[in-house]
Structure formats: C-alpha cells, structure tokens
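Results of the structural survey
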Amino acid sequence: PQPPSAFVTVSVATVWTTPQSPRPVDRPALTNPVDIHGWLSAMTPAQQEALTSDDLDQTQVLFGDRVLVVREQGDWDEVRVPGQSTPKDSQGYPGWIPKNQLTTDSGYDAVKDHAPFALADRGVTTWLYRESGLSDRDLEISANTRLPVLSRTDMAVQVATPDRGPKWLDARTVSV
C-alpha cells in the first residue's frame, strides 16, 4: 500500500538527506514559516555549494505539494516526493522534512486531486491574500506553486490551501 500523504505548509520546504544534515546556518529553512530570503542571504557561496557537494539536501518542494510519509523520527518525517521521479526510489525523491512544515488534511487531499489548479507562473514569487480585494497579504509563495481552484472573480482566484483555509491569488500572477 502507498504510504500516507502529507502536504507542505511552508513556501519552500527543503528535503534533507538526513535529519542531521542541516547546519546552524540552515535554521531559517527549518521553521514554519520559513525565511528563505534570510537563509540564502546568510550563507556564504561555499555554504550554498556544500548543500549539494556534501549531499546535505536532496530537492525542494513547494507550498501545497504532496509528499508520502514513510517513517517518523522525532521532529522529522522521512518522505518520498511523488511529483519528482528519481532512480533513487520508485515512489519519488527520498529525504527528510521537519514535521512542522507538513500537515495532513483529508479535505485538501480530496480537492487537490480533482479541482483545476492555479499555477503561480508570472514571477519569482507571488502572494496569497486573505480576501478577494487582494489587500491583506497572508503568505509569499514561490513560482511553480500549484494550488486547487475553488472559485474566481475577474481580479482574483480563490484557492484551497493545506493548512490556512481558502486564500486568494491575484489573477494576473497565475495560470489556471
């Protein structure tokens, strides 16, 4: 049987090789919310290079993405990323994500597979808003984030989120 699904609740979750992989400089990438800008700006080029050269991280997953939880260890979940194929594992990229960056929500799970989705594709990041007037910012999300569409207006697209309830995207920043 397939392992249970969980969903990413931060703008970008890093999939670590082991729970011991993160270094002190990586703390901003382990929180919820994550501080990706702070994390990247605090690292030296050598520290950024070491993420790959020292095999510290495997990949990254975006807000709302599905992962399969194969094992739990303390504050960490061992996951597979089914949307990212790899010869390393038939179920998807293997690695570890802090539990505080994941949620299980059967309602989101059901809509994720069946609703059309909004793809954030008009910039490096865009914002989720708390209302259709697009004035109350909730969470900055990354390009290529895909969220299920619930409804839309001329200016905004309402989407489901794994842990924040329905939110709104500026219709000019997404493709449906």
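Refer to the preceding data block for the structure.
Nothing here was measured: the structure is a model prediction, and the numbers come from that model. (Residues numbered from 1 in each chain as written. Predicted model: local features only at pLDDT ≥ 70, side-chain atom pairs only at ≥ 80, totals over all residues. Heavy atoms only, no water.)

1. Brief notes about the overall build of the protein
Our working definition: Only DSSP runs of H or I covering at least 4 residues are called helices, and only runs of E covering at least 2 are called strands; the numbering of each starts at the N terminus. The size measure is the radius of gyration over C-alpha atoms, and the globule rule it meets is 2.2 Å times the number of residues to the 0.38 power. Only protein chains enter the area calculation, which uses a 1.4 Å probe; residues under 20% of their type maximum are buried, those over 50% are exposed, and those in between are partly exposed. In this description, contact between two residues means that some pair of their heavy atoms is separated by no more than 4.5 Å. Using a 1.4 Å probe, accessible areas were evaluated by the Shrake-Rupley method; residue-level cover was limited to the displayed protein chains.
If you tally the helices and strands in the protein, you get three helices and 14 strands. Over its C-alpha trace the protein gives a radius of gyration of 16 Å, about what one expects of a compact globule, namely 16 Å for 176 residues. For the protein, the C-alpha atoms occupy an extent of roughly 50 × 40 × 25 Å along the three principal directions. By residue count, 50% of the 176 residues in the protein fall in the buried class. The long-range share in the protein, meaning contacts at least 24 apart out of those at least 6 apart in sequence, stands at 59%. Within the structure as shown, the protein displays about 8700 Å² of accessible surface, and the carbon and sulfur contribution to it stands at 49%.

2. A short note on the sheet that holds strand S12 (residues 156-159)
For the record, the criterion: Whether two strands pair depends on DSSP finding at least two bridges between them.
Here seven strands make up an open sheet; going across it, the order is S10-S9-S13-S12-S11-S8-S14 and the pairing antiparallel. Each of the sheet's edge strands pairs with one partner strand only, and the pair in question is strand S10 (137-142) and strand S14 (174-175). Two elements, S12 and strand S13 (residues 167-170), share four bridges in a ladder whose sense is antiparallel. In the sheet register, Val157 faces S13, and the bridge partner there is Leu169.

3. Examining the nonpolar core
Stated precisely, the cut-off is as follows: Nonpolar cores were defined as sets of buried Ala, Val, Leu, Ile, Met, Phe, Trp, Tyr and Cys residues, with membership established by side-chain atoms within 4.5 Å.
Trp16, Trp39, Val61, Val67, Val79, Ile97 and Leu102 are the most contacted members of the largest nonpolar core, which has 26 residues in total. Within the residue set of this core, elements represented by two or more residues are strand S1 (5-8), strand S2 (12-16), helix H1 (36-42), strand S3 (57-62), strand S4 (66-73), strand S5 (76-81) and strand S6 (93-98). Of all the elements, S2 adds the most residues to this core, at four residues. Val67 has contacts with Pro4, Ser5, Ala6, Val61, Val79, Arg80, Val81, Pro82, Ile97 and Leu102, leaving out every residue within four places of it along the chain.

4. Examining the environment of Ala143
Relative to the helices and strands, Ala143 resides in the loop between S10 and strand S11 (146-152). Under the relative-accessibility criterion, Ala143 is labelled partly exposed at 21%. In sequence terms Ala143 and Asp170 are 27 residues apart; their C-alpha atoms lie 13 Å from each other. In this structure, Ala143 is in contact with Leu62, Ala120, Gly123, Val124 and Thr125, ignoring residues within four places of it in sequence.

5. Let's talk about the pairing of S12
Side chains Ala156 and Gln158 of S12 all project onto a buried face; the interleaved residues Val157 and Val159 project onto the opposite face, where all are buried too. Inspection of the sheet shows S11 paired to S12 by three bridges, in the antiparallel sense. In the sheet register, Val149 faces S12, and the bridge partner there is Val159. Counting the residues that bridge the hairpin from S11 to S12 gives three residues.

6. Concerning the pairing of strand S9 (residues 125-129)
For a regular strand, the rule is simple: side chains alternate between the two faces of the sheet. Judged from the five bridges that link them, S9 and S10 form a sheet pairing that is antiparallel. Bridge pairing in S10 links Thr125 to Ser142. Alignment of S9 against S13, held across two bridges, turns out to be antiparallel. In the sheet register, Leu128 faces S13, and the bridge partner there is Leu169.

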